[in-house]
Amino acid sequence: MLFRSLVTVANMIIALIKAQTCAKRINEVFDTKPSIVETNSAPIEITADAQTPKIEFQNVSFAYDNNAKYAIKNLNLKIMPGETIGIIGGTGSGKSSIINLIPRFYDASQGAVFVDGVNVNNYSFHQLRSKIGLVPQKAVLFKGTLKENLRWRKQDASLEEMSKAVKISQSEEFVNELDGKYDYKVQAGGKNFSGGQRQRLTIARALVGDPEIVIMDDSASALDFATDAALRKAIKENVKSTVILVSQRAGTVRNADKIVVLENGNVVGIGKHKELLECCPVYKEIYDSQTK
Ligand SMILES: Nc1ncnc2c1ncn2[C@@H]1O[C@H](COP(=O)(O)OP(=O)(O)OP(=O)(O)O)[C@@H](O)[C@H]1O
Ligand SMILES: [Mg+2]
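Remember, it's a predicted structure, so these values are computed and weren't measured experimentally. Throughout, a residue's number is its position along its own chain's written sequence, starting from 1. Written order decides the labels, with chains lettered from A and ligands numbered from 1. Whole-chain, interface and lining totals are the exception, using all residues; otherwise, since this is a predicted model, local features are given only for residues with pLDDT of at least 70 and side-chain atom pairs are given and counted only at 80 or more.

Caption draft 1: View of the sheet that holds strand E9 (residues 213-217). Strands pair, by our definition, only if DSSP identifies at least two bridges between them. Segments assigned H or I by DSSP are reported as helices when at least four residues long, segments assigned E as strands when at least two residues long, and all are numbered from the N terminus. Spatially, the six strands line up as an open sheet ordered E6-E9-E10-E3-E11-E12, and their pairing is mixed. Two strands close off the open sheet at either side, each with one partner strand: strand E6 (132-135) and strand E12 (266-271). Adjacent strand axes in the sheet meet at a mean angle of 15°, parallel and antiparallel pairs treated alike. Across five bridges, E9 lies against strand E10 (residues 242-247) in parallel orientation. Its bridge partner being in E10, Ile 215 is matched across the sheet by Ile 244. For every element, the axis is a line fit to its C-alpha atoms; helices are fit only across the contacting stretch, and the angle between N-to-C directions ranges from 0 to 180 degrees.

Caption draft 2: Representation of the nonpolar core. The nonpolar core criterion groups buried Ala, Val, Leu, Ile, Met, Phe, Trp, Tyr and Cys residues into a set whenever they are joined through C-beta atoms within 7 Å. Any residue whose C-beta has 12 or fewer other C-beta atoms within 10 Å is treated as exposed, any with 20 or more as buried, and any in between as partly exposed, C-beta atoms being built from the backbone. By size, the foremost hydrophobic cluster in this structure holds 63 residues, and its most contacted members are Ile 215 and Ile 244. Per element, the largest residue contribution to this core is five residues, and it comes from helix H7 (residues 195-207). When sequence neighbours within four positions are dropped, the list of residues in contact with Ile 244 reads Ile 85, Ile 87, Ile 99, Ile 215 and Met 216. Contact between residues is assigned whenever the C-beta positions, reconstructed from backbone atoms, fall within 7 Å.

Caption draft 3: Region of the structure containing the site of ligand 1. Near residues are defined by distance alone, with the backbone-placed C-beta atom required to lie within 6 Å of the molecule or strand. Lining the immediate environment of ligand 1, one finds 15 residues, of which Tyr 64, Thr 91, Lys 95, Ser 96 and Ser 97 sit closest. At three residues, helix H2 (residues 95-100) tops the list of elements feeding residues into the shell around ligand 1. A breakdown of the residues in the shell around ligand 1 according to their chemical character gives two nonpolar, 11 polar and two charged. Throughout, the ten residues Ala, Val, Leu, Ile, Met, Phe, Trp, Tyr, Cys and Pro are labelled nonpolar, Asp, Glu, Lys and Arg are labelled charged, and all others, Gly among them, are labelled polar.

Caption draft 4: Structural view of the pairing of E9. Along E9, five of the five residues are buried, which leaves the element largely enclosed by surrounding structure. Judged by which residues are buried, E9 turns out to be covered on both faces: Ile 213, Ile 215 and Asp 217 on one side and Val 214 and Met 216 on the other are all buried. Of the strand pairs in this sheet, E6 and E9 are connected by four bridges, and their pairing is parallel. Considered in E9, the bridge of Ile 132 is made with Ile 213.

Caption draft 5: Here's a closer look at helix H8 (residues 225-238). Here the expected length of a helix is defined as 1.5 Å per residue gap, with one fewer gap than residues. The terminal C-alpha atoms of H8 lie 20 Å apart, and with 14 residues this matches the ideal 20 Å at 1.5 Å per residue to within 8%. For H8, every residue scored as buried is listed here: Asp 228, Leu 231, Arg 232 and Ile 235. Angularly, the buried residues of H8 cover 95° about the axis, an arc narrow enough to put them on a single face. Summarising the geometry of H8, the exposed residues directed more than 90 degrees from the buried face are Ala 226, Glu 237 and Asn 238. In this structure, the buried side of H8 is in contact with helix H5 (159-168), E10 and helix H9 (250-253). Taken from the helix axis, the directions to the C-beta atoms give the arc we talk about.

Just geometry here; none of it tells us what the structure is for.
The structure is reproduced here in structure tokens:
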């Protein structure tokens, strides 16, 4: 009996020590201060007209805190309402870094980013981010029903809105075959879908609720060329928003109104496909390597 009690006491001591360490760690997480702070939580009035760029980068340079190297150097870019912009460049050239500055996932180290003529720092997170439908480079779905996943931007989206987005994103065919369609259970991370299906569903998710700006970060990388082309066609015909297409494939961006070519964080060319082929060696090299 005595021995048993001793074991209980020993176990209690172990549990206490574990709890203490866990509590310390949990408090550290609670005490973390976000590096991006919301300076204004009230909605602001926007007085943009057709001449105001939808998105504007003014002398933007950006480096990650843990990285001395600049990921973007001195970027100047105006994107007008309704335009489709392509951003192309090799791995690590700074494509994702640029688009992360628009919804304020990071703040520019120098210069400023404007949306509808207002510095992004002056918006509340809610107002700024509700303008944007973002398809992240890594396609992740959440555990829950398909419906819950698609209502990420707009919680009360109707079935019609969802099916329109699903149609544009070229997901209609496989969604219709799912058991229970929109009530189909998605596993954590979206593991019960293929890579390409997951990518298309994240595109549908970004389109629900008609965002003013659609950003797709390499969102067609897992799609075959025919589906990629059908997707771009559907977006062109049905989405009236300002669209930013990030890709490593020249084919994906070639019909954009303007293509921005990046190399090591520098813009080495801005223009249409034909112009760039003539005057931008980096673009020509990417294009030739993929077509010849
Ligand atoms: N979280 C981070 N912390 C530190 N450095 C980063 C971070 N994310 C990216 N970088 C660096 O910033 C540079 C640009 O990265 P970015 O992700 O913008 O490239 P990318 O053009 O999107 O590439 P990919 O085509 O592979 O997605 C790279 O040199 C990278 O090492
Ligand atoms: Mg990227």
